Amino acid sequence: LGPLLLVHRDYLANRGIDPDESERLWGLQGIGLSARLPWRIFIPVKAKGQTVSWTTRTVGDSGTRYINAKPEEEAVSIKRVLFGEDHCRHAIVICEGPFDAIRIGPGAIATFGLAITAEQEAKIVSYPKRIICLDSEPEAQKRARKLQRDWSIFDGETLNVTLHSKDAGSASK
């Protein structure tokens with residue numbers, strides 16, 4: 001585990017993510033040759049400034065895209081926190097994956113998939129402005145519409161953004 005290597009930096013740049021900013025703001029690091037997690041980007045999951053868990057993303061086209069910390073390797077389950085919440089204030093943009101949130105920038109969070117836990121949901125609805133920005137596939141959009149209906153009973157406003165790309169991480173600026 002160390003600074004982002006050229007392969008990591010190229011991967012991020014190709015996804016429209018500034019490697020230097022992602023290291024500084026989000027704490028991304030690189031993993032090169034490794035028996036367990038080779039050629040991956042290390043993504044720390046923070047809550048109130050403290051790293052409580054982590055996930056990794058392969059920079060290759062094969063294998064498992066994301067590998068998360070095992071329960072014994074995390075202080076808090078990633079499904080109990082919102083990735084990026086430390087950068088949120090009044091409004092929150094809800095995404096599935098961490099690279100979607102990173103691509104959007106501060107104010108965006110990731111739930112680590114479509115399944116949102118009750119604990120994550122309680123945090124999300126505490127924000128007065130909620131913008132749902134899930135992937136464009138039919139299942140994700142069906143879920144987004146349901147979340148928008150469910151969250152409409154809470155104070156504030158819930159909007160659903162539909163993208164013309166696969167997800168926020170691959171959308172044009």
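The structure presented is a predicted model; accordingly, all values stated were derived computationally and were not measured.

Rules and cut-offs
- Residues numbered from 1 in each chain as written.
- Predicted model: local features only at pLDDT ≥ 70, side-chain atom pairs only at ≥ 80, totals over all residues.
- Heavy atoms only, no water.
- Helix = DSSP H or I, 4+ residues; strand = E, 2+ residues; numbered from the N terminus.
- Rg over C-alpha atoms; globule rule 2.2 N^0.38 Å.
- Buried < 20%, exposed > 50% of the residue type's maximum accessible area, 1.4 Å probe, protein only.
- Contact = heavy atoms within 4.5 Å.
- Areas by Shrake-Rupley, 256 points an atom, 1.4 Å probe, with all protein chains shown as cover.
- Lys, Arg positive; Asp, Glu negative; His and termini not counted.
- Charge placed at Lys NZ, Arg CZ, Asp CG, Glu CD.
- Phe/Tyr/Trp six-rings, centres within 6.5 Å; stacked < 30°, edge-to-face > 60°.
- Polar contact = N/O pair within 3.5 Å; in protein donor to acceptor, adjacent residues only side chain to side chain.
- Core = buried A, V, L, I, M, F, W, Y, C linked by side-chain atoms within 4.5 Å.
- Patch = residues over 30% accessible without salt bridge, like charges linked within 9 Å, V, L, I, M, F, W, Y side chains within 5 Å.
- Salt bridge = Lys/Arg side-chain N within 4 Å of Asp/Glu carboxyl O.

> Report on the overall build of the protein chain, specifying residues and quantitative values.
Across its full length, the protein chain carries five helices and eight strands. Reading the protein chain from its N terminus to its C terminus gives the helix and strand order α-α-β-β-β-β-β-α-β-α-β-α-β. Scaling as 2.2 N^0.38, a compact globule of 173 residues should have a C-alpha radius of gyration of about 16 Å, and the protein chain matches this with 16 Å. A total of 173 residues make up the protein chain; the buried ones form 47% of that total. Pairs at least 24 residues apart make up 56% of the contacts formed inside the protein chain by residues separated by at least 6 positions. Counting every atom, the protein chain has about 9000 Å² of accessible surface; 53% of that belongs to carbon and sulfur. Averaging the positions of the 24 positive and the 22 negative side-chain charges in the protein chain gives two centres separated by 2 Å.

> Before we move on, could you go through the packing of aromatic side chains and cite the residues and values that matter?
To describe a pair of aromatic rings, you give the distance between the ring centres and the angle between the ring planes. Under the defined criterion, the tally for this structure stands at four aromatic pairs. Look at Phe42 and Trp54: their rings are 5.8 Å apart centre to centre, the planes differ by 35°, and that puts the pair in the tilted class. Here Trp54 lies in strand E3 (residues 50-58) and Phe42 lies in strand E2 (residues 40-47), a separation of 12 residues in the sequence. The exposure class of Phe42 is buried, given its relative accessible area of 12%.

> Please give an account of the environment of Ala144 that cites residues and values.
Here Ala144 is to be found in helix H5 (residues 138-151). Look at Ala144 and you get buried, because its relative accessible area is 0%. Counting along the chain gives 141 residues from Ala144 to Pro3, while the straight-line C-alpha distance between them is 36 Å. Once you skip the residues sitting within four places of it in the chain, Ala144 turns out to touch Ile132, Leu134 and Asn160.

> Break down the side chain of Thr158 for me, citing the residues and quoting the values.
By the secondary structure assignment, Thr158 is in strand E8 (residues 157-160). A relative accessible area of 11% means that Thr158 is categorised as buried. Polar side-chain contacts of Thr158 include one of 2.8 Å to the side chain of Arg130. Not counting residues up to four positions away in its chain, the partners in contact with Thr158 are Arg130, Ile132, Gln148, Trp151 and Ser152.

> Requested: an account of the nonpolar core, with residues and values cited.
In terms of nonpolar packing, the biggest core is built from 26 residues, with Leu12, Leu28, Ile41, Val45, Phe83, Phe99 and Ile102 touching the most fellow members. Of all elements in the fold, only helix H1 (6-14), E2, strand E5 (91-95), helix H3 (98-104) and strand E6 (108-110) reach the threshold of two or more residues within this core. Not counting the four nearest positions on each side in its chain, Leu28 is found in contact with Leu4, Leu12, Ser22, Glu23, Ile41, Phe42, Ile43, Pro44, Phe99 and Ile102.

> A description of a nonpolar patch on the surface should follow, citing residues and the corresponding values.
Together, Leu5, Val7, Leu33 and Trp39 give the surface a local cluster of nonpolar side chains, amounting to about 400 Å² of exposed area. With respect to the helices, strands and loops of the structure, Leu5 is situated in the segment before H1.

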